[in-house]
Structure formats: C-alpha cells, structure tokens
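A look at the structure
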Amino acid sequence: MTDRTRADIAALTARVNAAVIGQEAVVHSLILALLCNGNVLLEGLPGTAKTRSIKTLGHAMGVNLGRIQFTPDLLPADVTGSETYHSNKGSNELVFEPGPIFNELVLADEINRAPAKVQSALLEAMEERQVTVAGKSYPLPPLFLVMATQNPIEQEGTYPLPEAQMDRFLFKVRVDYPNAEAERTIVRMLQQEEGGPLAEEAAIGTDAIFAARQAIQKMTLSEPVERYLVDLVMATRQPEGLSSELASWIAVGSSPRASIALHRAARAEAWLQERDHVLPEDVRAVAPAVLRHRLILSYDALADGVDTDRVVTDILDLVAAG
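Attention now moves to the overall build of the protein chain. The number of helices and strands found in the protein chain is 14 helices and 11 strands. Taking all contacts inside the protein chain whose residues are at least 6 apart in sequence as the whole, residues at least 24 apart take part in 77%. Surface accessibility of the protein chain: about 15,700 Å² in total, with carbon and sulfur atoms responsible for 51%.

We now examine the sheet that holds strand β5 (residues 105-109). With respect to topology, 5 strands assemble into an open sheet ordered β2-β5-β8-β1-β9, the strand pairing being parallel. The outermost strands of the open sheet, each flanked by one partner alone, are β2 (65-69) and β9 (171-175). Shown here is a sheet whose adjacent strand axes are inclined to one another by a mean of 20°, direction ignored. Pairing of β2 with β5, which is carried by 5 bridges, proceeds in the parallel orientation. Pairing of I68 across the sheet is with A108, part of β5. Packing of helix α2 (residues 24-36) onto the sheet brings it into contact with β1 (40-44), β5, β8 (145-150) and β9, and relative to β9 it is tilted by some 165°.

The next thing to look at is the side chain of R6. One can find R6 in helix α1 (residues 2-19). Despite its burial, R6 remains without a salt bridge, the nearest opposite charge being carried by D3 at 4.8 Å. Of the polar contacts made by the side chain of R6, one reaches the backbone oxygen of W271; its length is 3.1 Å. Excluding residues that lie within four positions of it along the chain, R6 makes contacts with W271, E274 and R275.

Quick look at the packing of helix α8 (residues 207-218) against helix α11 (residues 256-272) now. Close contact between α8 and α11 brings their axes to 9 Å; oriented N to C, the two are set at 115°. Classified by the interaxial angle, the pair formed by α8 and α11 is roughly perpendicular. Considering only the axes of α8 and α11, their crossing is right-handed. Mapping the contact onto sequence places A212, A215, I216 and Q217 in α8 and R267, A268 and W271 in α11.

As a further point, take the pairing of strand β7 (residues 136-139). Two elements, strand β6 (residues 130-133) and β7, share 4 bridges in a ladder whose sense is antiparallel. Bridge pairing links V131 to Y138 in β7. The antiparallel pairing of β6 with β7 creates a hairpin that spans 2 residues between the two strands, and A134 there sits at a positive phi of about 55°.

So, about the environment of M234. Considering the arrangement of structural elements, one finds M234 in helix α9 (residues 223-237). In this structure M234 comes out as partly exposed when scored by relative accessible area, which is 27%. Considering only alpha carbons, one finds M234 and S254, 20 residues apart in sequence, at a separation of 7.9 Å.

In this section: α2. Taking 1.5 Å as the rise per residue, α2 with 13 residues should run 18 Å; its terminal C-alpha atoms sit 18 Å apart, in good agreement. Three or more residues of α2 are buried, namely V26, V27, S29, L30, I31, L32, A33, L34, L35 and C36. Positive phi appears at N37, one or two residues downstream of α2, with a value of about 60°.

One finds L12, L35, L57, M61, F171, V283 and V311 to be the most contacted residues of the largest nonpolar core, which totals 69 residues. Broken down by element, this core gets its largest block of residues, 9 residues, from α2. Those residues in contact with L12 that lie beyond four places of it in its chain are I31, L57, A60, M61, I204 and I209.

Below, the discussion takes up the pattern of salt bridges. Summed over the entire model, instances satisfying the criterion amount to 16 salt bridges. In this structure, K172 and E43 form a salt bridge, with 3.3 Å as the shortest nitrogen-oxygen distance. Residue K172 is located in strand β9, and its partner E43 is located in strand β1; the two are separated by 129 residues in the primary sequence. The exposure class of E43 is buried, given its relative accessible area of 12%. When the shortest N-O distance is used, the salt bridge between R257 and D167 registers 3.1 Å.

Cut-offs applied
- Residues numbered from 1 in each chain as written.
- Predicted model: local features only at pLDDT ≥ 70, side-chain atom pairs only at ≥ 80, totals over all residues.
- Heavy atoms only, no water.
- Helix = DSSP H or I, 4+ residues; strand = E, 2+ residues; numbered from the N terminus.
- Contact = heavy atoms within 4.5 Å.
- Areas by Shrake-Rupley, 256 points an atom, 1.4 Å probe, with all protein chains shown as cover.
- Pairing = 2+ DSSP bridges.
- Axes fitted to C-alpha atoms, helices over the stretch in contact; angles between N-to-C directions.
- Buried < 20%, exposed > 50% of the residue type's maximum accessible area, 1.4 Å probe, protein only.
- Lys, Arg positive; Asp, Glu negative; His and termini not counted.
- Salt bridge = Lys/Arg side-chain N within 4 Å of Asp/Glu carboxyl O.
- Polar contact = N/O pair within 3.5 Å; in protein donor to acceptor, adjacent residues only side chain to side chain.
- Parallel < 35°, antiparallel > 145°, perpendicular 65-115°, else oblique.
- Left-handed = near helix turned anticlockwise from the far one by under 90°.
- Expected span 1.5 Å × (residues − 1).
- Core = buried A, V, L, I, M, F, W, Y, C linked by side-chain atoms within 4.5 Å.

The following block contains the structure:
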C-alpha cells in the first residue's frame, strides 16, 4: 500500500510540475501541506503561477476548487455562506447556502486586500475545519486546504494579516520569478494550450493523500531530532543565547504552533524522501517556510534591512543538530 501511495503522490507532483514550470518549490510545499492537513500562504509578484498551481492541483486530484477574490468591499458571508429565506408551497424557512469555503481546495486570492473582519472569517475554517453561521456549525470537507496569496510589493489598499491568522498557516512560501530556461518553456507550453485543450488524464484521486497522512501520523522522531526542532523554536524566543545581533533583531518569537508545524512537516518531508524516520535535514528543509511568518522583527532589524529569512538562516547556522 505504501509503495502504491508513494507512486500516486509522485505522479501527482509530476503532473503539477509539468503544468507549473519553474516553481518546483511551490509545488513541493503544496504537496507537503496536503499531507500535513495544513494551509499555505504564497507571497509573490503577479504572474508567478500562484493561481495556476492550485487550479492544476485540484484538477489533477479531481476535487472542487473555490476561489475567493479578496477586495475591500468583501463581506464575511461572501466567504462562509449565509442563510437565505426560502418559500416553498406555503412553507417559509431559512436555508443555509454554503459559500466558496466549502470546497476541498480554496484559493484566497490577494487575502490582504480585505479588512480584518473578512480575514477573521477564515480563522475557524482553517483551524477547526468547520464554519459557524447563525449559531449552527457546518463541517468542511475531509480534504481541505486554503492557499492564500498576497503581493509583497503593492501595499496601497491592503490590510496586514492579524498575527493569529498568520499563525494558522502551516507554511509561508516566497514565490520568485522562473529562470530564463523555464520561462522559454512556459511560453512554448502556453502556445500549445492556445491550440486547444490537451488530452485529459485520469484524476489521481484523494485516497493517496489520506493513506499518506496515516503513514506520516505513525512516524516517530528520535529524541535528538525532536530536541533539535524544539531548540530552533526556542532560539526565536531566547536569541540572546545565540548572538546579541539576533537578540536585537527579534521582537517576538514563534508560538508553540511552530513546534507542532515543524514536527508535522518534517515527518511529511521524510516520508516524501522515502524514509520511515526523520533526520535533522528534514527539519532544516521545512524550517524557513514554517518559521518566516511566525517572527516579529524589531525596529533595529528593519533599520538594518534584515528580513525574517535572514533571521531563520542565522538560527539554522547557529543551532546545533543533536
């Protein structure tokens, strides 16, 4: 079963990579998030295949995709759904009409363009996998992933995400432009698509995702590796033990959710590498995406031009494994 499951996950990854050229790291993060039952925040400039990534993933698995274009006039009910008045053969009742959040995959496009009230409508869905409307809770699909996007450059008319919401994202992934060779491939591929739809391939389905989750859930970490990942998180809270420079850069360290996310993501990374045990390099591989949005930097860091990636890199360099 495990070999078949790994083959299906590998086929899913290959199919998405074939349609999303030059963004292998993004695709890998999406697959990891699916295996961890987590959510992903993608930060990148327009045209870097963020929307295409999630659409291709949904198509390859044969699941429904809900898209929410976040705008300043969006209402919470536009995300969660609302009760509507129905009159049928003399019987009047309020019927709940599910919103776009009730899909297996949800694209929250330009999430920072909506005010906090709308952003907070996602909190319960992302954490509890349910939505409460008019005092009644409605469960979301067993396979559920929110992929939110935001533009790192254009800040006019945007609202910073609340820290509590940022903490609900398993990963924050930075999306860069593809290199020249990948861009040439993109141009040729889109020219082929202009000629009509390509041959349909059978959907891989979601059984492989659930089977992989079961295998990952059963994996254990050795005590040294577990201590290492906790040490990384503790270093964000007590950086003075590593260097005075780091201490001056970090205002607030990562919450316990960072340790939980590192634990889950490192197990998923090890499983994808066809191992039944976790190594320190698995923790290091997922640490930037797990930690970069769970740090609040000081004014000194901003003045020095230091971002969270630089801080995480320094922590990884200074904290010993085992």
